[in-house]
Amino acid sequence: DTGVSQNPRHKITKRGQNVTFRCDPISEHNRLYWYRQTLGQGPEFLTYFQNEAQLEKSRLLSDRFSAERPKGSFSTLEIQRTEQGDSAMYLCASSPMGKVRDIQYFGAGTRLSVL
Amino acid sequence: QQPVQSPQAVILREGEDAVINCSSSKALYSVHWYRQKHGEAPVFLMILLKGGEQKGHDKISASFNEKKQQSSLYLTASQLSYSGTYFCGTEIESQGNLIFGKGTKLSVKP
């Protein structure tokens with residue numbers, strides 16, 4: 001079974017540009033989470049999905065951020081009009097429903113650098 | 001709301017033991033422990049649920065004091081591979097999302 005896959009691994013963009021990241025969760029995992037991590041900090045929750053429904057969004061997720069999970073499979077996170085403060089590692093995690101539903105398995109992340 | 005981890009950093013010699021603490025001001029549904037090496041994904045170590053259930057790696061143990069909203073991770077007979085930053089993630093009332101502490105950097109020296 002493959003783990004959580006995130007693409008691209010690195011993204012360099014200029015301020016004001018739009019970027020989109022993709023996350024492919026572990027097969028049959030119902031829940032999918034997005035976190036943001038900056039240097040020296042723990043992951044910060046952004047949003048999560050249960051199947052295709054977006055159940056919760058952090059107040060950190062400004063109007064410039066949008067996430068989708070069509071058909072309850074892969075998910076995309078889009079940042080519009082990027083700012084230098086958006087530079088961070090964006091992590092995706094997935095978890096199954098069931099007895100061990102709470103364990104979140106993380107992908108390696110997409111590192112965003114906004115110049 | 002962010003849990004507080006202590007210590008912030010610790011240096012060990014191979015074979016020594018360490019305890020990492022995580023404390024929350026909120027009532028917790030579960031506590032999750034992860035280890036992250038530089039440039040890599042956080043790796044699941046242990047989950048402790050309200051009510052006493054826990055699941056994790058055989059060589060790592062942890063405790064969860066529900067009344068005090070505190071958890072501790074016990075690393076015994078440390079190995080070089082234990083080096084990394086340890087994060088606790090707390091879940092409030094089965095919300096689903098985790099709130100992570102700032103991490104504890106563990107360095108194991110030969």
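What follows covers the nonpolar core. Ranked by size, the top nonpolar core spans 23 residues in total, and within it W33, L73, L75, Y86 and L106 of chain B carry the most contacts. Listing elements by their share of this core, those giving two or more residues are strand 2 (9-13), strand 3 (18-23), strand 4 (30-36), strand 5 (43-49), strand 7 (60-65), strand 8 (70-75), strand 9 (84-91) and strand 11 (104-109) of chain B. Setting aside anything within four residues of it in sequence, one finds L106 of chain B in contact with V10, L12, A18, L75, Y82, S83, G84 and Y86 of chain B. Within the second largest apolar cluster, 19 residues are counted, among which are C23, L61, L77 and V114 of chain A.

All names here are of chain A. Per the counting criterion, the structure on display carries 12 aromatic pairs over all chains. The interplanar angle of 40 degrees and the centroid separation of 5.3 Å between the aromatic rings of F21 and Y90 together place this pair among those described as tilted. Of the two residues, F21 is situated in strand 3 (residues 19-24) and Y90 in strand 9 (residues 88-95); the sequence distance between them amounts to 69 residues. In this pair, the class of F21 matches that of Y90, namely buried. Their ring planes at 25 degrees and their centres at 6.3 Å tell us that Y33 and Y35 sit as a pair that is stacked.

Overall, the coordinates contain two disulfides over all chains when judged by the stated rule. Between the sulfur atoms of C23 of chain A and its disulfide partner C92 of chain A the distance amounts to 1.8 Å. On the sign convention where negative is left-handed, the bridge of C23 of chain A and C92 of chain A, at about -65 degrees about the S-S bond, is left-handed. On the criterion of sequence distance, the pair formed by C23 of chain A in strand 3 and C92 of chain A in strand 9 is long-range, its members being 69 residues apart. By relative accessible area, C92 of chain A is classed as buried at 0%. The disulfide partner of C22 of chain B is C88 of chain B, and the S-S distance across this bridge is 2.0 Å. Here the disulfide of C22 of chain B and C88 of chain B is right-handed, its torsion about the S-S bond being about 70 degrees. Within this pair, whereas C22 of chain B is found in strand 3, its partner C88 of chain B is found in strand 9, the two being separated by 66 residues in sequence. Taken individually, C22 of chain B and C88 of chain B each receive the classification buried, so the pair is uniform in this respect.

About the criteria used
- Residues numbered from 1 in each chain as written.
- Chains lettered and ligands numbered in written order.
- Predicted model: local features only at pLDDT ≥ 70, side-chain atom pairs only at ≥ 80, totals over all residues.
- Heavy atoms only, no water.
- Core = buried A, V, L, I, M, F, W, Y, C linked by side-chain atoms within 4.5 Å.
- Buried < 20%, exposed > 50% of the residue type's maximum accessible area, 1.4 Å probe, protein only.
- Helix = DSSP H or I, 4+ residues; strand = E, 2+ residues; numbered from the N terminus.
- Contact = heavy atoms within 4.5 Å.
- Phe/Tyr/Trp six-rings, centres within 6.5 Å; stacked < 30°, edge-to-face > 60°.
- Disulfide = S-S within 2.5 Å.

Nothing here speaks to function; it is geometry throughout.
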